[in-house]
Each structure stands twice: as C-alpha cells, then as structure tokens.
Amino acid sequence: MRRAVVFLLLLSAGCTAPEPPARPAPPVSSVTPSAPVTPQWTGTWAAAVQGGGRAFDDHTLRQVVHTSIGGHAARLHLTNEFGTRPLTIGSAGLGAYRAVTFGGRPSVTIPVGGSAVSDEVPFVVPADADVAVTLYLPAATGPSTRHPVASRRNWVAPGDQVLATRLTGARAERSWYFLSGLDVRGGAGAVVAFGASITDGLGSPFGGDRRWPDLLFDRLRASGREIGVLNTGLSGNRLTADEHGERAPARFDRDVLRRAGVRWVIISDDALNDLGAADPPPADRLIAGLRELITRAHAAGVRVICSTLTPYEGAGYWTSGGEAGRARVNTFLRSPGSGCDAVLDQDEALRDPARPARFLRRYDSGDHLHPSAAGLQAIADAVDLRWFVP
C-alpha cells in the first residue's frame, strides 16, 4: 500500500521479563556466546545530483522523500558536490521532529565538492512511506547542488523553522536540494536503477511515486524480498558527454558503487540521449562506455542487469542514424559476450510489434520518448525477480 505519510516513530523502551525458576547450572562450555550482529546499512532512498540550482540564505528547506525498505535506524547523506562555496547546515531534522547530528554536533559545514553523512539516528523508519527532511541554511549557499526533477512538492521558508510543525511563509519547490540519500539499518541489499529521464520518471504522475523503480519495489516487497530500490536516474543525462550532470561513467562510483548495501545495478537509458544529441557518437563508442560500466560494477562485486534501449521514433530528436545505433546497442546487450548478468528488455516490453521503432500506443506518454503510466508498469513487470537472490 503506497502513500503513507510518516512522522518517524521513536523506538519503544525495553522491558524486563520476570525471573525464571532457579535451574541447575549448565555444564561449562568452551564456546563464547556471539555478540549481537548489527544489521548493515542499506540505502532506502537516493537521488543523483547536478549543479546549477537556486541559491539560499537564511532559509529552511523541508523536503519529502519516499522510502523503499524500512529499518530501525537511519542516517542522512548531504552533498555540496557542485557548490561554489562551503555549505553550512545550521541544523537538521527528520520527521517531526528528530534531531540529526554530524560527529555529535547539530551543525556541519561541507566543503566545495564534498559531502557529509550524519550520525546514526535511532528510530523506526517504515517501508514505502514519506519521510520529511528539514534543513536550516543560515548563510548564503551560492548555486545549489540539486536533483531537478523530484516529481513532488517540497518547501522553502524564511529563517530557522526546523522545529516548526507547519512552515510559515513557505513556497513550493519541485527539486531536491543538497540531499542525496537516506540509509536504514536492515534489509538484504539494494538495487540501483541508473539511467536518465525514463528512470527518473519524467512524466510519471506528480507526487505519486509511480516511476518504474518505485513499481519494481512494490513487486519486490510483495514477494517478501527486503531489497532497497535506489533511483539515480538523471533527466537528460548522457553516457559519453557531460550534459544535465556529469556523464554516466563520471558519476557511476558516486551514484552506484558507493551506495550503502548495493548488490545489483540496472543500467538503463543514458545512451538514448547520446543517440538523439546534435553530435551523436558512433554505436561502438556507446558499447565501449557500457562495457566500462559493466566491468567496474563487477570489479566492485555488483551484479549488472542491462536494459535495452526503448523505441523512440516520433520523438523530436529521433533520426534514422540514431535508430540504427539503438539497434546495434541492443544487439550487443542481448549477446552472450556483453558481460551482463541479466537483461531487462525494455525494448521488447514497450515496442509496437507492427512498428518496432515505436512504442505500443498505450505505452506512449504522447511525446514518443517517455513511457506512459502503463508503460512504466510494463517495465517494472518485465523484471525477473529471480535475479534478486537474497
């Protein structure tokens, strides 16, 4: 069930059970009892970031993220990756209101190009739920690091309102700022959906959390798999050039390999933007770029699910040359020599059998490039859950 709004619950205190009747002492054993194992950190939500966002100065940001898996503790990832000056977080909170600290302090200054991970915050984070993250920015930030397409409403308000249940003088924003991840204790690992606007959910129902990675999580959860789904799609992103963020290979470590608990990656639609660019690279260069990502993931112990490129004839940047390149890339991805551990065949799931270069009509959002709500569901349904072995 989706759309539960959560104000994070504190863990309940323990209680003491009555003493059992006296028993004879057990035989002496040479085996030392094991210490309790602390569950690993696993990502429950993530966002890819780029530069060029608006500036803030003495503002409070309240931003909403939607979890995948739940856990009994959390930590927050903040970023100044593309900032032009040090970023000061005066205070931060989760829910209403749980203080977040950094090295035991309520504030942190993140250098240009840097990031920060909060201390562990002990509370129950439910699965598949909205969580509010509130940041107070006491000083001028300069251009912000952001994820432009949040597909939901966030809020900015004047002054320090971190403790406020309801913000005064708030204005709506449609991006996430300075926020790149939320981890929980628990889970059986995470899968990262890595791509461009199709993965980012451009055109999916606003505020509905119905991107195909969200819909994949619904299926994983229904199957009993406690696997986090992290969406690091970035609209407009490319495989071979820095456009709408760093090129895919440049951001692959940050957005995939360094994510908490990552065990699988689904490499999706960046190359479509290369094929539609004014300077489209040859298919061999795209294939080389994909081989690089596959090799790097395997070197880090991450299994790779490769996605074929979806039909896009009729889109504004479609050309016959781009279509030939798409066919070559898809042939490579489906081949035994690709190195992919599995293939999510988005092309087969969405194409019109009578006109394979186009979407089936019901899967077309109308721009002939981005899938409709039914198309996003078809992508999620095309994933074989047997790929995700706990």
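Residues numbered from 1 in each chain as written. Predicted model: local features only at pLDDT ≥ 70, side-chain atom pairs only at ≥ 80, totals over all residues. Heavy atoms only, no water.

Asks: Got a sec to walk through the state of the cysteines? Specific residues and values, please.
Replies: Considering all chains together, one arrives at one disulfide under this definition. With a sulfur-sulfur separation of 2.0 Å, cysteine 306 is cross-linked through a disulfide to cysteine 340. Measuring the twist about the S-S bond at about -95 degrees, one finds the cysteine 306-cysteine 340 disulfide to be left-handed. Taken together, the positions of cysteine 306 in strand β20 (residues 303-307) and cysteine 340 in the loop between α6 (320-334) and β21 (342-344) put the pair 34 residues apart, joining distant regions of the chain. With respect to class, cysteine 306 is no different from cysteine 340; both count as buried. (Disulfide = S-S within 2.5 Å. Helix = DSSP H or I, 4+ residues; strand = E, 2+ residues; numbered from the N terminus. Buried < 20%, exposed > 50% of the residue type's maximum accessible area, 1.4 Å probe, protein only.)

Asks: Describe the nonpolar core, naming the residues involved and giving the relevant values.
Replies: When a protein is soluble and globular, its nonpolar side chains tend to lie buried together. Core analysis: the largest hydrophobic core is formed by 91 residues, its most contacted members being Leu94, Trp212, Val265 and Phe388. Among the elements that line this core, the one with the most residues is helix α5 (residues 283-299), at six residues. (Core = buried A, V, L, I, M, F, W, Y, C linked by side-chain atoms within 4.5 Å.)

Asks: Run through the sheet that holds strand β18 (residues 228-231), naming residues and quoting values.
Replies: Strand order in the open sheet formed by five strands is β18-β17-β19-β20-β21, and the pairing between neighbours is parallel. Of all strands in the sheet, those with a lone pairing partner are β18 and β21, marking the two edges. Between one strand axis and the next, the sheet turns by 25 degrees as a mean value, whatever way the strands run. Pairing of strand β17 (residues 190-194) with strand β19 (residues 262-267) involves five bridges; the strand directions are parallel. When the bridges of β19 are listed, alanine 193 appears paired with isoleucine 266. Of the strands in this sheet, β17, β18, β19 and β21 touch helix α2 (residues 212-222), which is tilted by about 175 degrees from β18. Where helix α3 (residues 248-257) meets the sheet, its contacts fall on β17 and β19, and the angle it forms with β17 comes to roughly 155 degrees. (Pairing = 2+ DSSP bridges. Axes fitted to C-alpha atoms, helices over the stretch in contact; angles between N-to-C directions. Contact = heavy atoms within 4.5 Å.)

Asks: Before we move on, could you go through unusual backbone geometry and cite the residues and values that matter?
Replies: A cis amide bond links alanine 96 to the next residue, tyrosine 97, at an omega of -5 degrees. When you line up the elements, tyrosine 97 lands in the loop between β7 (91-94) and β8 (98-100). One non-glycine residue, aspartate 58, lies in the positive phi region at around 55 degrees. In this structure, aspartate 58 sits in the loop between β3 (50-53) and β4 (59-66). The partly exposed category is assigned to aspartate 58, whose relative accessible area is 34%. The phi torsion at aspartate 209 lies on the positive side, around 50 degrees, for a residue other than glycine. Considering the arrangement of structural elements, one finds aspartate 209 in the loop between α1 (197-200) and α2.

Asks: Report on the sheet that holds strand β15 (residues 176-177), specifying residues and quantitative values.
Replies: One open sheet holds the three strands; their spatial order is β3-β12-β15, and the pairing between them is antiparallel. At either end of the open sheet lies a strand with only one pairing partner, and these are β3 and β15. Bridging between strand β12 (residues 144-147) and β15 involves two bridges; their strand directions are antiparallel. Paired with arginine 146 across the strands is tyrosine 177, a residue of β15.

Asks: Which residues make up the pairing of β20, and what are the values?
Replies: Within β20, four of the five residues are buried, which leaves it mostly tucked inside the rest of the structure. Sheet analysis places β20 next to β21, joined by three bridges and oriented parallel. Bridge pairing in β21 places serine 307 opposite leucine 344. With respect to chirality, the unit in which β20 leads through α6 into the neighbouring parallel β21 is right-handed. (Right-handed = clockwise from strand over helix to strand, strands pointing away.)

Asks: Describe the pattern of salt bridges, with residues and values.
Replies: Applying the stated criterion across every chain, the model contains 29 salt bridges. With a closest N to O distance of 2.8 Å, arginine 75 and aspartate 183 form a salt bridge. One end of the pair, arginine 75, is in strand β5 (residues 74-79); the other, aspartate 183, is in strand β16 (residues 179-185), with 108 residues separating them in the sequence. In this structure, arginine 75 and aspartate 183 share a single accessibility class: buried. Arginine 386 is the salt-bridge partner of aspartate 384, the closest N and O atoms lying 2.9 Å from each other. Look at the salt bridges and you will find they share partners, linking Glu81, Glu246, Arg251, Arg254, Asp255, Arg259 and Asp270 into a network. (Salt bridge = Lys/Arg side-chain N within 4 Å of Asp/Glu carboxyl O.)

Asks: Help me get a handle on the environment of alanine 190, residues and values and all.
Replies: Locating alanine 190 in the fold gives a position in strand β17. Residue classification places alanine 190 among the buried positions, given a relative accessible area of 0%. Distance in space between the C-alpha atoms of alanine 190 and threonine 42 is 6.4 Å, their sequence separation being 148 residues. Alanine 190 has contacts with Thr42, Gly43, Ile227, Gly228, Leu230, Ala260, Gly261, Val262, Arg263 and Trp264, leaving out every residue within four places of it along the chain.

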